[in-house]
Amino acid sequence: MADPQGFLKVVKREAVKRPIGERVKDWKEVYSHQPTSERAAEVSDQARRCMDCGIPFCHSGTAGCPLGNLIPEWNDLVRRDRWDAASDRLHATNNFPEFTGRVCPAPCESACVLSISEAATGGSVTIKRVEQTIADLAWEEGSIVPQPPTITTGKRVAVVGSGPAGLAAAQQLTRAGHDVTVYERDDRLGGLLRYGIPEFKLEKSVLDQRLMQMRAEGTHFVTDCEVGIDFTVEQLRESYDAVVLAVGALRARDNMEVIGRELDGIHLAMEHLVPSNKECEGDGPTSISAADKHVVIIGGGDTGADCLGTAHRQGAASVTQLDYNPAPPGARDDSLSPWPSWPLVLRTSPAHAEGGVVRHQVAVQRFLGDERGHVRAMVLAEVEVQRDADGRRVVTPIGEEVELPCDLALFAIGFEGVEHGPLLDEYGLALTKRGALSCGPDWQTTAPGVFVCGDAHRGASLVVWAIAEGRSAAHGVDAFLTGHSELPSPVHPTALPLAVV
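Residues numbered from 1 in each chain as written. Predicted model: local features only at pLDDT ≥ 70, side-chain atom pairs only at ≥ 80, totals over all residues. Heavy atoms only, no water.

Participant: Explain the overall build of the protein to me, and be specific about the residues and the numbers.
Facilitator: Along the backbone of the protein there are 18 helices and 15 strands. Here the protein has a C-alpha radius of gyration of 23 Å; the compact-globule value for 501 residues is 23 Å, and the two agree. Taken along the three principal axes of its C-alpha coordinates, the protein extends 65 × 65 × 50 Å. Looking at the protein as a whole, 51% of its 501 residues qualify as buried. When contacts within the protein are restricted to residue pairs at least 6 apart in sequence, those whose partners lie at least 24 apart make up 69%. Counting only carbon and sulfur atoms, one obtains 51% of the accessible surface of the protein, whose full area is about 22,000 Å². One way to put it: in the protein the 48 positive side-chain charges average out to a point 4 Å from where the 69 negative ones average out. (Helix = DSSP H or I, 4+ residues; strand = E, 2+ residues; numbered from the N terminus. Rg over C-alpha atoms; globule rule 2.2 N^0.38 Å. Buried < 20%, exposed > 50% of the residue type's maximum accessible area, 1.4 Å probe, protein only. Contact = heavy atoms within 4.5 Å. Areas by Shrake-Rupley, 256 points an atom, 1.4 Å probe, with all protein chains shown as cover. Lys, Arg positive; Asp, Glu negative; His and termini not counted. Charge placed at Lys NZ, Arg CZ, Asp CG, Glu CD.)

Structural data, given as structure tokens:
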């Protein structure tokens, strides 16, 4: 740490966003372009705010980054303009920093020592921005190159699913010398990175450049192939020495009990986001557009925000987002979520600044349709959320009902776990109460030679946890195949984020 008072001398600066009127007219990322030299100088200055803490909670596995990113180290390298060295240090713990630098909500920043008292310190270090800049400049300068293995083990591994967990496991195992094939049921690779996250948050060219690196390293990819149907479990057993299940937790939560749910114009969030992303890929107009419609998004999380930004860009007449929870406080309440735990605070995305209305403590009571069987409105009521004796949420209407115009309703209320299918049945794998797949300390399921990682094991979670689990599962697979592994294993299968219970 060159200057222990750096955080007092340098004002925290986030990346500048493009004007709202400009960015809602296209699908490009929301942040303004900066010339490379200007961006590097500004981010280098931001890195001076890092205190190089004796105990860096920012990369603590339970409070900050589960990947164990060596944040103070690469902050110091950036401060000294040693960008290549910073990239090496960053990639030592994170396969895909250009992904996490864009779409991770940054638990590292919430655990930064400077976030203990933001009024006094000016706020946390802009870790996420530094991380993305390191990765982006490394790509621009050509310092990120394929790292093919120096040995060949003769072992074959199948990875089912090409989201961040599957890709991380595949890259680690390929570099360890195994012959790795990734199977993806969609027509393109990336899982939710490709078809779940909108282009304005993650331009797919960023994903494609990393996939090119992985191909050059020797990883094989097969698309349009659903394992268990197009490629049977018996074929997996015959062809591969180990299998990694990174199939995600894509079984969307719905509410079929709401009167009128069967009306046309009511969809799950992914039914809106996937065809929109395919349109951005050049596959033709989306099948579900918000153009000129009154859109209501049911759910206040990140998926709801993605639907919000998508609806703006499609030209919605109005957008309303509903959340049955009370609005969180604007600042950390130490009695609810003390530092360095993930704070319970009101969070907004760039999409919220683009328009629309967010309503808290309300829930849909029923949908109203027109003579064509299409939704035309929904009836809302103020609600109170409590917990029953078993800890389950109970949502009780307490206020008057209000009718809200609605031509397009989107359920963005989370995911229930792994989708059912022949893959699980033929391996004899049962889901837990959370809809996930359990495993032992080596990430191996009850089926010998079959491993699991990411959302399929953890439930819907953050991209950093997916990558961390993919890296850790790769260690387990490597040890299973060779008897020993030097691959990193940043998290244990039972690891959980620090929280107040």
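Participant: Please give an account of the UniProt feature "domain: Dihydroprymidine dehydrogenase" (unreviewed entry) in the protein that cites residues and values.
Facilitator: The UniProt record annotates "domain: Dihydroprymidine dehydrogenase" (unreviewed entry) at residues 25-142. Here residues 25-142 runs as 51% helix and 0% strand, with 32 Å between its end C-alpha atoms. (UniProt positions renumbered as here; feature names shortened; annotations may be inferred.)

Participant: With reference to specific residues and values, describe the environment of Leu423.
Facilitator: Residue position: Leu423 is located in helix H16 (residues 422-427). Judged by its relative accessible area of 9%, Leu423 falls in the buried class. Placed 178 residues apart in sequence, Leu423 and Leu245 show a C-alpha to C-alpha distance of 9.6 Å. Leaving out residues up to four positions away in the same chain, Leu423 has contacts with Val160, Val227, Gly228, Val233, Leu236, Leu245 and Val247.

Participant: Kindly report on the packing of helix H10 (residues 164-175) against helix H18 (residues 463-482), identifying the contributing residues and their values.
Facilitator: With their axes 7 Å apart at the nearest point, H10 and H18 run at an angle of 35 degrees to one another. In this structure, H10 meets H18 at a crossing whose hand is right-handed. Within the contact between the two elements, H10 uses Pro164, Ala165, Ala168, Ala169, Gln172 and Leu173 and H18 uses Val463, Ala466, Ile467, Gly470, Arg471, Ala474, Val477 and Asp478. Of the residues in the contact of H10 with H18, the class split is ten nonpolar, two polar and two charged. (Axes fitted to C-alpha atoms, helices over the stretch in contact; angles between N-to-C directions. Left-handed = near helix turned anticlockwise from the far one by under 90°. Nonpolar A, V, L, I, M, F, W, Y, C, P; charged D, E, K, R; others polar.)

Participant: Can you explain the sheet that holds strand E7 (residues 294-298)? Please cite residues and give values.
Facilitator: Ordered by their spatial adjacency, five strands build an open sheet running E6-E13-E7-E8-E9, and the pairing between neighbours is parallel. The sheet is open, and its two borders are formed by strand E6 (266-268) and strand E9 (357-360), each paired with just one other strand. Each neighbouring strand pair of the sheet contributes to a mean axis angle of 20 degrees, computed without reference to strand direction. As paired elements, E7 and strand E13 (residues 408-411) share four bridges and run parallel to each other. Across the sheet, residue Val295 finds its bridge partner in E13, namely Leu408. The sheet contacts of helix H14 (residues 269-280) involve E6 and E13, and relative to E6 the element is tilted by about 75 degrees. (Pairing = 2+ DSSP bridges.)

Participant: How would you summarise the UniProt feature "domain: FAD/NAD(P)-binding" (unreviewed entry) in the protein if you had to cite specific residues and measurements?
Facilitator: In this numbering, the UniProt entry assigns the feature "domain: FAD/NAD(P)-binding" (unreviewed entry) to residues 156-470. Spanning residues 156-470, this segment combines 25% helix with 26% strand, and its end C-alpha atoms are found 17 Å apart.

Participant: Hey, could you go over the pattern of salt bridges for me, with residue numbers and the actual values?
Facilitator: In the structure shown here, the tally under the stated rule is 33 salt bridges. Between Glu42 and Arg129 there is a salt bridge, and its shortest N-O distance comes to 2.6 Å. Taken together, the residues Glu42 in helix H3 (residues 36-47) and Arg129 in helix H9 (residues 127-141) connect sequence positions 87 residues apart. The exposure class of Glu42 is partly exposed, given its relative accessible area of 25%. Residue class for Arg129 comes out buried when judged on its relative accessible area of 8%. Taking the shortest distance from any N to any O, the salt bridge between Arg188 and Glu281 comes out at 3.6 Å. Note that Arg188 is positioned in the loop between strand E2 (179-183) and helix H11 (192-195) and Glu281 in the loop between H14 and E7, a separation of 93 residues in sequence. (Salt bridge = Lys/Arg side-chain N within 4 Å of Asp/Glu carboxyl O.)

Participant: Any chance you could break down the nonpolar core for me, citing the residues and the numbers?
Facilitator: Within the largest apolar cluster, 67 residues are counted, with the highest numbers of intra-cluster contacts made by Trp74, Val78, Ile134, Val157, Val244 and Val477. Considering every element that reaches this core, the biggest residue donor is H18, with ten residues. Those residues in contact with Val78 that sit more than four places away from it in its chain are Val43, Ser44, Ala47, Trp83, Ala86, Val130 and Ile134. Counting residues in hydrophobic clusters, the runner-up holds 21 residues, among them Val233, Val243, Leu245 and Leu423. (Core = buried A, V, L, I, M, F, W, Y, C linked by side-chain atoms within 4.5 Å.)

Participant: Just give me the short version of the pairing of strand E1 (residues 156-160), but keep the residues and values in it.
Facilitator: Extensive coverage of E1 is indicated by the burial of four of its five residues. Bridging between E1 and E2 involves five bridges; their strand directions are parallel. Opposite Val159, over in E2, you have Val182 as the bridge partner. Read as a crossover between parallel neighbours, the route from E1 over H10 to E2 is right-handed. As judged from the four bridges shared by E1 and strand E4 (residues 242-245), these two strands associate in the parallel manner. (Right-handed = clockwise from strand over helix to strand, strands pointing away.)

Participant: Go over the sheet that holds E2 with me, naming the residues and quoting the values.
Facilitator: Read from one edge to the other, the open sheet built from five strands follows the order E3-E2-E1-E4-E15, with strand pairing classed as parallel. The two strands at the open ends of the sheet, each matched to only one other strand, are strand E3 (220-222) and strand E15 (450-452). Averaged over all adjacent pairs, the angle separating strand axes in this sheet is 20 degrees, with direction ignored. The sheet contacts of H10 involve E1, E2, E3 and E4, and relative to E2 the element is tilted by about 165 degrees.

Participant: I'd like to hear about the pairing of E7, residue by residue, with values.
Facilitator: Summarising burial for E7: four of the five residues are buried, a large majority. Pairing of E7 with strand E8 (residues 318-323) involves five bridges; the strand directions are parallel. Following the sheet pairing, Val296 is matched in E8 by Thr320. As for the winding sense of the linkage, the β-α-β connection from E7 through helix H15 (residues 302-314) to E8 is right-handed.

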